[in-house]
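The residues making up each chain are set out below.
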Amino acid sequence: MTAKVAIVGAGPSGCYLAQALGKLCKEAEITVIEKLPVPFGLARYGVAPDHQGTKAVTRQFAKLFEKQGVGFAGNLEIGTSPSAALSLEELRALFDVVVLATGLSQDRSPGRDFEGTPGIYGSGAVTRLWNSHPEAAEFSPEFGARVVVLGAGNVAIDVLRLLAKAEDDFAGSDFPAGGAYDQVREIHLVGRSPADQAKFDPVMIRELAKIPGLAVSIGEGTALNSGEDDKRLAALRDLATAQPDAITKKISFHFGWPAKKPLRSNGTLSGVLFERDGEEMALPCDSVISAIGYEDDGKLNRSALLDGASTHETGQIAPGLYAAGWFKRGPQGTIPENRADSQKIAALIAEEIAAAPAGAEKPGVAALQAQFGNRMTSYSDWQHIDDVEKAAAPEGRCRAKISNLPEMLAVIENRRQAL
Amino acid sequence: MKISLLYGTETGNAELLCEELQEALSDGHEVDVANLEDVSPDALSAEAFYVFVCSTYGEGELPSSAIDFFTALTEEKPDLSGIRFAVFGLGDTTYDETFNNGSTILADSLVAANAQQIGPRGVHDASGDEDAESIALPWLQERLAEAS
Ligand SMILES: Cc1cc2nc3c(=O)[nH]c(=O)nc-3n(C[C@H](O)[C@H](O)[C@H](O)COP(=O)(O)OP(=O)(O)OC[C@H]3O[C@@H](n4cnc5c(N)ncnc54)[C@H](O)[C@@H]3O)c2cc1C
Ligand SMILES: Cc1cc2nc3c(=O)[nH]c(=O)nc-3n(C[C@H](O)[C@H](O)[C@H](O)COP(=O)(O)O)c2cc1C
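Residues numbered from 1 in each chain as written. Chains lettered and ligands numbered in written order. Predicted model: local features only at pLDDT ≥ 70, side-chain atom pairs only at ≥ 80, totals over all residues. Heavy atoms only, no water.

Our next topic: the overall build of chain A. Scanning chain A from terminus to terminus reveals 16 helices and 17 strands. The principal-axis extent of the C-alpha atoms belonging to chain A is close to 70 × 50 × 45 Å. Out of the 419 residues in chain A, the part that is buried amounts to 52%. Considering only contacts within chain A whose residues lie at least 6 apart along the sequence, 74% involve residues at least 24 apart. Carbon and sulfur atoms make up 50% of the accessible area of chain A, which totals about 17900 Å². (Helix = DSSP H or I, 4+ residues; strand = E, 2+ residues; numbered from the N terminus. Buried < 20%, exposed > 50% of the residue type's maximum accessible area, 1.4 Å probe, protein only. Contact = heavy atoms within 4.5 Å. Areas by Shrake-Rupley, 256 points an atom, 1.4 Å probe, with all protein chains shown as cover.)

Below, the discussion takes up the interface of chain B and chain A. Listed by partner, the interface residues are 24 residues for chain B and 23 residues for chain A. Between chain B and chain A the total buried area reaches about 1800 Å² when both faces are included, carbon and sulfur atoms providing 40% of it. The largest per-residue losses of area from chain B upon contact with chain A belong to Thr11, Leu16 and Glu59 of chain B, which jointly make up 29% of the total buried on that side. The tally of links between chain B and chain A comes to 10 salt bridges. Applying the counting rule to chain B against chain A returns 13 residue pairs in polar contact (both at pLDDT 80 or more). Of the residues forming the side of chain B that touches chain A, the biggest block, 6 residues, is contributed by helix H1 (residues 13-25) of chain B. By residue class, the composition of the side of chain B that touches chain A is 3 nonpolar, 9 polar and 12 charged. (Buried area = accessible area lost by both parts, 1.4 Å probe. Salt bridge = Lys/Arg side-chain N within 4 Å of Asp/Glu carboxyl O. Polar contact = N/O pair within 3.5 Å; in protein donor to acceptor, adjacent residues only side chain to side chain. Nonpolar A, V, L, I, M, F, W, Y, C, P; charged D, E, K, R; others polar.)

This paragraph deals with the environment of Glu413 of chain A. All names here are of chain A. Inspection of the secondary structure assignment puts Glu413 in helix H16 (residues 405-418). Judged by its relative accessible area of 33%, Glu413 is partly exposed. When the C-alpha positions of Glu413 and Pro194 are compared, they lie 52 Å apart, and in sequence the two are 219 residues distant.

With respect to the secondary-structure elements, Thr58 of chain A resides in helix H4 (residues 57-66). With residues near it in sequence (within four places) discarded, Thr58 of chain A still touches Phe40 and Ala43 of chain A.

All names here are of chain A. For ligand 1, the set of nearby residues contains 31 residues, the closest of which are Ser13, Glu34, Ile78, Gly333 and Ile335. Pro12 places a main-chain nitrogen or oxygen 3.4 Å from an oxygen atom of ligand 1. One of the backbone nitrogen or oxygen atoms of Lys35 is found 3.1 Å away from a nitrogen atom of ligand 1. Look at ligand 1: alone it shows 1000 Å² of surface, and the protein chains cover 91% of it. When residues of the shell around ligand 1 are traced back to their parent elements, those giving at least two are helix H1 (12-24), helix H2 (41-45), helix H7 (154-164), helix H12 (325-329) and helix H13 (335-355). Among the residues making up the shell around ligand 1, the classes are represented as 13 nonpolar, 14 polar and 4 charged. Counting the residues that make up the shell around ligand 1, at least three belong to each of domain 1 (4-104 + 296-377) and domain 2 (107-293). (Near = heavy atom within 4 Å. Domains from an automatic or database assignment.)

Here the focus is helix H4 (residues 132-147) of chain B. Residue and element names in this part refer to chain B. Across its 16 residues, H4 extends 22 Å between first and last C-alpha, which sits within 8% of the 22 Å expected from 1.5 Å per residue. Considered for burial, the residues of H4 that qualify are Ala132, Ala136, Leu137, Trp139, Leu140, Arg143, Leu144 and Ala147. Where H4 is buried, its residues touch strand S1 (2-8), H1, strand S3 (48-55), strand S4 (84-91) and strand S6 (122-125). (Expected span 1.5 Å × (residues − 1).)

Residue and element names in this part refer to chain A. Under the domain assignment, chain A is made up of domain 1 (4-104 + 296-377) and domain 2 (107-293). For domain 1 versus domain 2, the separation of C-alpha centres amounts to 33 Å. Contact residues are listed per partner, giving 12 residues for domain 1 and 18 residues for domain 2. Of the roughly 1200 Å² buried between domain 1 and domain 2 on both sides combined, carbon and sulfur atoms contribute 54%.

Let us now look at the sheet that holds strand S2 (residues 29-33) of chain A. Residue and element names in this part refer to chain A. The sheet built from 6 strands is open, its strands ordered S3-S2-S1-S4-S17-S16 with mixed pairing. Each having just a single partner strand, strand S3 (71-73) and strand S16 (316-318) make up the two edges of the open sheet. Direction aside, neighbouring strands of the sheet carry axes that sit 25° apart on average. Bridge count for strand S4 (residues 97-100) against strand S17 (residues 321-323) is 3 bridges, and the pairing is parallel. Residue pairing across strands places Leu100 opposite Ala323, the latter belonging to S17. (Pairing = 2+ DSSP bridges. Axes fitted to C-alpha atoms, helices over the stretch in contact; angles between N-to-C directions.)

Before going further, it helps to examine the nonpolar core. Residues and elements named next belong to chain A. Ranked by internal contacts, the top residues of the largest apolar core, which has 45 residues, are Ile7, Phe65 and Ile349. Discounting residues that sit within four places of it in the chain, Ile349 has contacts with Leu17, Leu21, Val97, Val99 and Tyr322. Within the second largest apolar cluster, 42 residues are counted, among which are Phe143, Ala164, Ala195 and Leu208. (Core = buried A, V, L, I, M, F, W, Y, C linked by side-chain atoms within 4.5 Å.)

Attention now moves to the pattern of salt bridges. Residue and element names in this part refer to chain A. One pass over the full model with this rule turns up 34 salt bridges over all chains. Residues Lys35 and Glu135 are paired through a salt bridge, measuring 3.3 Å at the closest nitrogen-oxygen approach. Of this pair, Lys35 sits in the loop between S2 and H2 while Glu135 sits in the loop between helix H6 (123-130) and strand S7 (146-150), placing them 100 residues apart in sequence. Where Glu280 meets Lys260, a salt bridge forms, and the shortest distance between an N and an O atom there is 3.8 Å.

On to the packing of aromatic side chains, then. Residue and element names in this part refer to chain A. Summed over all chains, the structure comprises 19 aromatic pairs over all chains. Plain terms: the ring middles of Tyr121 and Phe139 are 5.7 Å apart, the flat faces sit at 70° to each other, and that makes the pair edge-to-face. With a gap of 18 residues between them, Tyr121 in strand S6 (residues 120-122) and Phe139 in the loop between H6 and S7 connect regions that are remote in the sequence. Since its relative accessible area comes to 23%, Phe139 is described here as partly exposed. (Phe/Tyr/Trp six-rings, centres within 6.5 Å; stacked < 30°, edge-to-face > 60°.)

A regular strand places its side chains so that they alternate between the two faces of the sheet. Residue and element names in this part refer to chain A. Going residue by residue along S4, you find Val97 and Val99 tucked away on one face and Val98 and Leu100 tucked away on the opposite face as well. Relative to S4, strand S1 (residues 4-8) runs parallel, the two sharing 4 bridges. Looking across to S4, one finds that Ile7 is bridged to Val99.

And the structure:
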């Protein structure tokens, strides 16, 4: 009997899991199922377009599908939404083991008062746009001249950096050509916690020093003196002391200021009010991008599934059902953390497979092929998209991504017709 | 000649590269692959030729799986006379000031422990166009020629 394993979600955690499980269970049939026609999750659609070296982890994942016998079944959503191809129960009936590695893609709201105000955007939506995610095809935010970025993690710094860069600074990236935000003149990054508790990595700050023309300041109400040997604060102090000759944009950092509410004048956003210990700070702005974390999109009943306390620890929801990656652990942690965690979960799954009594053979991927046939995308479909995108790269870019679903599917269909 | 490929990694690129090199060399050589995490410096042997494949993380630091090995090397100060090795680094020119620091730190600490480095260090740039294997394999073949 061959164990049939379906990993739902082709992001880093799903791919690392397939990699580790493939080594432990050489006989198992492993299929990675993905909602989008193309793989790699946030490695393709979240990691900043000017961090191609970090995105290059996808070369490692590519080997899974090219050489290591792992299957890819794209364009198949699992769950309860109307666009879903299969429910979780239906999928479980076809496979011995199902792993949910679908990430957390919904932007966390900065608070009720902020919801429904035009000009307030989430970093998930914005970074999807900058990474040409098909779900951002209709999204056209207006940032104006002054932007407030809420949050002090690495994603907030990504957002700040991409807003700050000029067209030339995007050389070698796959940021949409001509997409630099020249009209943005002033960016304020505001974290709710004090600077020494901010979550960004010091290299993220040091990288900002390479962008020409940025005047950097630390907000008046922000103290950087605590934690003398804190590398992040040192990086911030260094950044703020080096000033350019010709200033194109101003950026400033504020820490220890929880956002209280947006300010409006004549119905449009005019700023954000922050408050701490009865003290207030108002920052005028034309738009707000909140980068304060992510949550469940509700399509897999995550909270009900993960109710059992031990799931958070081991990843096992029930025999034959596991959670991995951000879906399991919450929206924290970098790519390497998913690797370590997925390796542990793979070991558990391998134990379960080894101990399973011989039973009826599950149909596995063959059933998906029978049921979905042509609408399913394969790994070679993705390789074609990859080639087309690289070949279309304009001057100064490494690729031109196809940014909407109909076009992506049409490119795939054209090649199939030609074969 | 027995070849031992040892990787220090954070996101797994170094591990995959070692597996690919192992496969490419397996015809003419006896090759094993191990994570540096599972290797102690005093277990190294003069019979084998060691190839360290190591990335860089943080602010030009060693990746997590190389840290215990490095600590043992610098704190326990084993004498590695007679041990021969080569180093290949994985890095990213986005981090220009600390490009491939990790592999330098590792090579320096091995040399300081009296091990003999064969040939120049090889390096890969994750932001470049080339696959790590297409750079590392010809580099490794040169090192093997020098070592035998
Ligand atoms: C903007 C941003 C930038 C980041 N930058 C970095 C960085 O530079 N370096 C770093 O180390 N980490 C970075 N991270 C963190 C890193 O991206 C995560 O740690 C990692 O992607 C989590 O992996 P995952 O597989 O759990 O989720 P994801 O990468 O989100 O993958 C989930 C996959 O599941 C698919 N999916 C979702 N729902 C369904 C469904 N119902 N059916 C089928 N498929 C589904 C999605 O399309 C996606 O492909 C960043 C995160 C964000 C948000
Ligand atoms: C947060 C972070 C910091 C990094 N720092 C450096 C660095 O200082 N110097 C460098 O050359 N590469 C650096 N890199 C690039 C990695 O070394 C490179 O991506 C490598 O291929 C990773 O290999 P691994 O998967 O084996 O760890 C960094 C990567 C990340 C994500």
